[in-house]
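Report on the structure
Below, each chain spelled out in residue letters.
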Amino acid sequence: MTRHDFQTIASWVKPGSKVLDLGCGDGSLLKFLQDTRQARGYGVELTDANILAGVKNGINIIQNDLESGLSVFESGSFDHVILSQTLQAMRHTEAILREMLRVGREGIVTFPNFGYWKNRLQVLRGHMPVSDDIPYQWYDTPNVHLCTMHDFEALCVKLGFHIRERVVMTAGAPVHILPNLAGSLAVYRFERGQ
Amino acid sequence: MQPASSVGIVVPQTAHFTTPLTLKSGAVLPSYDLVYETYGMLNADKSNAILVCHALSGNHHVAGVYAEQDKKPGWWDNMVGPGKPIDTDRFFVIGLNNLGGCHGSTGPASIDPITGQPFGSHFPLVTVEDWVESQARLADSLGIRQFAVIMGGSLGGMQALHWSIKHPERVRHCLVIASAPKLTAQNIAFNDVARQAILTDPDFHGGDFYAHDTRPRRGLRLARMLGHITYLSDDVMGSKFGRVLRSGAFNYGYDVEFEIESYLRYQGDKFAESFDANTYLLMTKALDYFDPTHHSGGKLSDALKPAQADFLVLSFTSDWRFAPERSREIVKALLDNECRVSYAEITSGHGHDAFLMPDAHYHSLVRAYMERVAS
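Position numbers for residues start from 1 in each chain and track the written sequence from start to end. Naming scheme: in the order in which they are written, chains are lettered from A and ligands are numbered from 1. Note on the predicted model: pLDDT of at least 70 is required for a residue's local features to be given, and 80 or more for side-chain atom pairs to be given and counted; whole-chain, interface and lining totals, by contrast, use all residues. Here the side-chain values reflect all heavy atoms present in the structure, with hydrogen atoms and water set aside.

**Points about the overall build of chain A**
Comment: elements are numbered from the N terminus, with helices defined as DSSP H or I runs of at least four residues and strands as E runs of at least two. For chain A, the count of helices and strands is seven helices and eight strands. It is over C-alpha atoms that the radius of gyration is taken, and the globule rule equals 2.2 Å times the number of residues to the power 0.38. For 194 residues, the compact-globule formula gives about 16 Å, and the C-alpha radius of gyration of chain A, at 16 Å, lands near that figure. Principal-axis analysis of the C-alpha atoms gives chain A an extent of 45 × 40 × 30 Å. In chain A, which comprises 194 residues, the proportion classed as buried is 51%. In what follows, a contact means two residues having at least one pair of non-hydrogen atoms within 4.5 Å. For chain A, contacts bridging at least 24 residues in sequence account for 65% of all contacts bridging at least 6. Values of accessible area rely on a 1.4 Å probe in the Shrake-Rupley scheme; residue burial ignores everything except the protein chains shown. Total accessible area on chain A is roughly 9100 Å²; 54% of this is exposed by carbon and sulfur atoms. For the purpose of charge, His is not counted, nor are the chain termini; Lys and Arg are scored as positive and Asp and Glu as negative. Charge placement uses NZ in Lys and CZ in Arg. For Asp and Glu, CG and CD serve respectively. Of the side chains in chain A, 19 bear a positive and 20 a negative charge, and the two mean positions are spaced by 5 Å. The buried label applies to any residue whose accessible area, calculated with a 1.4 Å probe on protein chains only, is under 20% of its type's maximum; exposed applies above 50%, and partly exposed to all values in between.

What follows is the structure, given as structure tokens:
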């Protein structure tokens, strides 16, 4: 099964591009991009289980802690640097975003939109939100930096990033109206501002 | 009966080479022998060969046993065999004893055909580069143009790495395990203390101890004891031996008291009886000299430019002799060259020796990687 954001990301990746997938999990996205876009590149992961899964999936996978930066990668060595469903679990949020645009020309980020109305409703009812895109209880979540689309866009401004495109979806279907309220998952592509 | 996962009883073979080999030092070996073992079947197009390069004290006996009652199998028997991570049902695996070794290949203890005496101090220093050249000649003699995999741990990983630079068209996959692109000053320092122990042993006789019917046991023993300390982690030593006393109480003397002393002395004694001192000296020098950037003086990335193989680089968290940082240097240089590479840092308490241990995650990784290697 491919995750909902895979198709969107694939549509932004030009055939034959060099791709770095940060927090690549079992390598499904990178494999998908290899198969559908003839992309070349590497996945980066921390956990042993995902490293093994990535090797089984036939991708190039590097065991490395994203929190310690991307010093093994030279500046400007990738067309796309992807951080799919990982940003919210990172401690050094600004640092990793800056690193993404150091090693790559374009960054692609996917995260669960905390502003999604169902999340807001759960908070209104007095509970931390649990949903398809935030499938954790407050006490077992790896997420430490959840944000809304507005929040993310404000950070991009602060970092001097130019957002090229964004796609918002709920249960895999695109959302066009009131995305920060109606959208469960946000996918952004951004580059250094002029 | 050997278990089904063993390659069973194996017989070493010897290849004799008469084309002179000019070594990196400038010395020439007019002729030489290489002893080797093979496991599994070479396929019709000779494309399923794997070369296993050995480390400091290793040899050609990688897997299997020499007799049914043989208790000790080859040094990487947990890795190589039918259905094992390096599966001899699919691959034709070659282990050899490197030039300068003391297990059958031409080395310092061999008879110099010119003098009729053991080479001893006259045996030239050989380098990783020389080994790779001699290994390539062995491959030629077996009709193997390209290896599916060349692999090794520690000093063996250096050989695999050099293969990928020197003969890129002859290596499809390169497994570099618990290795380093070159030794650090600290590492060279350890090697030199080990060498000094041997060189200053009165029984060493400048390397020509064979004529005196003796061997520098004390020196070799010390060298091995020192080596052993550096191959283990503080944690594993602590958990294995702690401060346990053999007799349960202090004896207020210099005999063996702590279990760790007993262990090290036993290992040292065993090694001193079986290993050649000149080979030990030469192997440590080969380690010290290895540096792919030595000639260019440039970056490792530049030195690795010719590499075309796919790489799997593995390191172990508690290995302080060939630390994960050193493997990451190799990985970085491969990334700089856009090589296909995967890298894992395996959690282990066993220090440098971890690469020889049957750790489940480690073996799963090698097994999973080998799935992508066409036999």
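**Examining the overall build of chain B**
For chain B, the count of helices and strands is ten helices and twelve strands. For chain B, the C-alpha radius of gyration of 20 Å lies close to 21 Å, the compact-globule estimate for 375 residues. Taken over the C-alpha atoms alone, chain B extends approximately 65 × 50 × 50 Å along its principal axes. Looking at the 375 residues of chain B, the share that counts as buried comes to 57%. Taking as baseline every contact in chain B between residues at least 6 positions apart, the subset at least 24 positions apart corresponds to 72%. In chain B, which carries 33 positive and 41 negative side-chain charges, the distance between the mean positions of the two groups comes to 2 Å.

**Considering the domain arrangement of chain B**
All names here are of chain B. Where each domain starts and ends comes from a domain assignment, either automatic or drawn from a database. When the domains of chain B are assigned, the result is domain 1 (13–182 + 292–374) and domain 2 (187–285). Between the C-alpha centres of domain 1 and domain 2 the distance comes to 25 Å. Taken together, the 29 residues of domain 1 in the interface contact 26 residues of domain 2. When domain 1 packs against domain 2, close to 2300 Å² is buried across both sides, 62% of that on carbon and sulfur atoms. When the buried surface of domain 1 facing domain 2 is broken down by residue, Leu56, Trp320 and Arg321 rank first, second and third, together holding 33% of it. Think of a salt bridge as a Lys or Arg side-chain nitrogen and an Asp or Glu carboxyl oxygen that are within 4 Å of each other. For the pair domain 1 and domain 2, the number of links is zero salt bridges. Each residue gets one label: Ala, Val, Leu, Ile, Met, Phe, Trp, Tyr, Cys and Pro are nonpolar, Asp, Glu, Lys and Arg are charged, and the others, such as Gly, are polar. Grouping the constituent residues of the side of domain 1 that touches domain 2 by class yields 14 nonpolar, 13 polar and two charged. Accessible surface is computed with a 1.4 Å probe, and the buried area is the amount of it that two parts give up when combined, taken over both parts together.

**Here we look at the packing of helix α4 (residues 217–231) of chain B against helix α6 (residues 259–274) of chain B**
Residues and elements named next belong to chain B. Fitted lines through C-alpha atoms give the axes, limited to the stretch in contact for helices. The angle between two N-to-C directions lies from 0 to 180 degrees. At a minimum axis distance of 8 Å, the contact between α4 and α6 shows a crossing angle of 130°. Our classification of the angle between α4 and α6 gives oblique. Considering the relative orientation of α4 and α6, their crossing is right-handed. On the side of α4, the interface is formed by Arg217, Leu220, Arg221, Arg224, Met225, His228 and Ile229, while α6 contributes Tyr263, Leu264, Arg265, Gln267, Gly268, Asp269, Phe271, Ala272 and Glu273. Should an angle lie under 35 degrees it is considered roughly parallel, over 145 roughly antiparallel, and from 65 to 115 roughly perpendicular; all remaining angles are considered oblique. In this scheme the handedness of a crossing depends on how the near helix is turned from the far one: anticlockwise by less than a right angle means left-handed, clockwise means right-handed.

**Observations concerning the nonpolar core**
Throughout, nonpolar core names a set of buried Ala, Val, Leu, Ile, Met, Phe, Trp, Tyr and Cys residues whose side chains join them through atoms within 4.5 Å. Counting residues in hydrophobic clusters, the biggest one holds 161 residues, and the most contacted among them are Leu22, Phe73, Leu97 and Phe152 of chain A together with Tyr280, Phe311 and Tyr362 of chain B. No fewer than three residues from each of domain 1 (13–182 + 292–374) and domain 2 (187–285) of chain B sit in this core. Judged by nonpolar contacts, the second largest core, of eight residues, contains Met225, Leu232, Met237 and Leu264 of chain B.

**Looking at the pattern of salt bridges**
Residue and element names in this part refer to chain A. Scanning the model with the defined rule gives 29 salt bridges over all chains in all. Linking Glu165 and Arg189 is a salt bridge whose minimum nitrogen-to-oxygen distance equals 2.9 Å. Linking Glu165 in strand β6 (residues 161–170) with Arg189 in strand β8 (residues 185–192), this pair joins segments that are 24 residues apart in sequence. Overall, Arg189 belongs to the buried group, its relative accessible area being 10%.

**Here's the deal with the UniProt feature "domain: AB hydrolase-1" (unreviewed entry) in chain B**
The UniProt record marks residues 48–355 of chain B with the feature "domain: AB hydrolase-1" (unreviewed entry), using the residue numbering of this structure. Helix makes up 35% of residues 48–355 of chain B and strand 13%, whereas the separation of the span's terminal C-alpha atoms amounts to 23 Å. UniProt positions are given in the numbering used here, feature names are shortened, and annotations may be inferred rather than shown by experiment.

**Some remarks on the pairing of strand β10 (residues 171–177) of chain B**
All names here are of chain B. Where burial is concerned, most of β10 is hidden: six out of the seven residues are buried. One ladder, built from six bridges, connects strand β9 (residues 147–153) with β10; its direction is parallel. Bridge pairing in β10 places Gly152 opposite Val176. By definition, two strands form a pair when at least two bridges between them are found by DSSP. Examined bridge by bridge, β10 and strand β11 (residues 310–316) share five bridges and lie parallel to one another. By the bridge assignment for β11, His173 is matched with Asp310.

**Concerning the confidence of the model for chain B**
Every residue is assigned a pLDDT by the predictor, reflecting its confidence on a scale from 0 to 100. Here chain B averages 96 in pLDDT, while 100% of its residues score no lower than 70. Among the scores for the predicted complex, ipTM is 0.94 and pTM is 0.96.

**Let's talk about the packing of helix α3 (residues 48–56) of chain A against helix α10 (residues 360–371) of chain B**
At a minimum axis separation of 8 Å, α3 of chain A and α10 of chain B run at an interaxial angle of 20°. With respect to α10 of chain B, the axis of α3 of chain A lies roughly parallel. With respect to the hand of their crossing, α3 of chain A and α10 of chain B are arranged in left-handed fashion. Taking contact as the criterion, the partners of Asp48, Ile51, Leu52, Val55 and Lys56 of chain A in α3 of chain A are, on α10 of chain B, His361, Ser364, Leu365, Ala368 and Tyr369 of chain B. The residue makeup of the contact of α3 of chain A with α10 of chain B, split by class, is six nonpolar, two polar and two charged.

**Thoughts on unusual backbone geometry**
Phi is positive for Leu178 of chain A, close to 45°, though the residue is something other than glycine. Structurally, Leu178 of chain A is set in the loop between β7 (173–174) and α7 (179–182). According to the relative accessible area criterion, Leu178 of chain A is exposed, its value standing at 57%. Residues other than glycine seldom take positive phi values, yet Glu338 of chain B does so here, at roughly 55°.

**As for the interface of chain A and chain B**
If you look at the interface, chain A gives 19 residues, while chain B gives 20 residues. Between chain A and chain B, the buried area comes to about 1700 Å², and carbon and sulfur atoms account for 54% of it. It is Val55, Gln63 and Val72 of chain A in chain A that bury the most area against chain B; as a group they hold 31% of the surface buried on that side. Linking chain A with chain B are three salt bridges. The residue Glu74 of chain A makes a salt bridge to Lys332 of chain B at a minimum N-O spacing of 2.5 Å. Think of a polar contact as two N or O atoms within 3.5 Å of one another; within protein, one of them needs to be a possible hydrogen donor and the other a possible acceptor, and neighboring residues in sequence only count if both atoms come from side chains. The tally of links between chain A and chain B comes to eleven residue pairs in polar contact (both at pLDDT 80 or more). Looking at the side of chain A that touches chain B, the elements with two or more residues in it are β2 (40–45), α3 and β3 (61–63) of chain A. Of all the elements, α3 of chain A adds the most residues to the side of chain A that touches chain B, at six residues. Looking at the side of chain A that touches chain B residue by residue, the classes come out as nine nonpolar, five polar and five charged.

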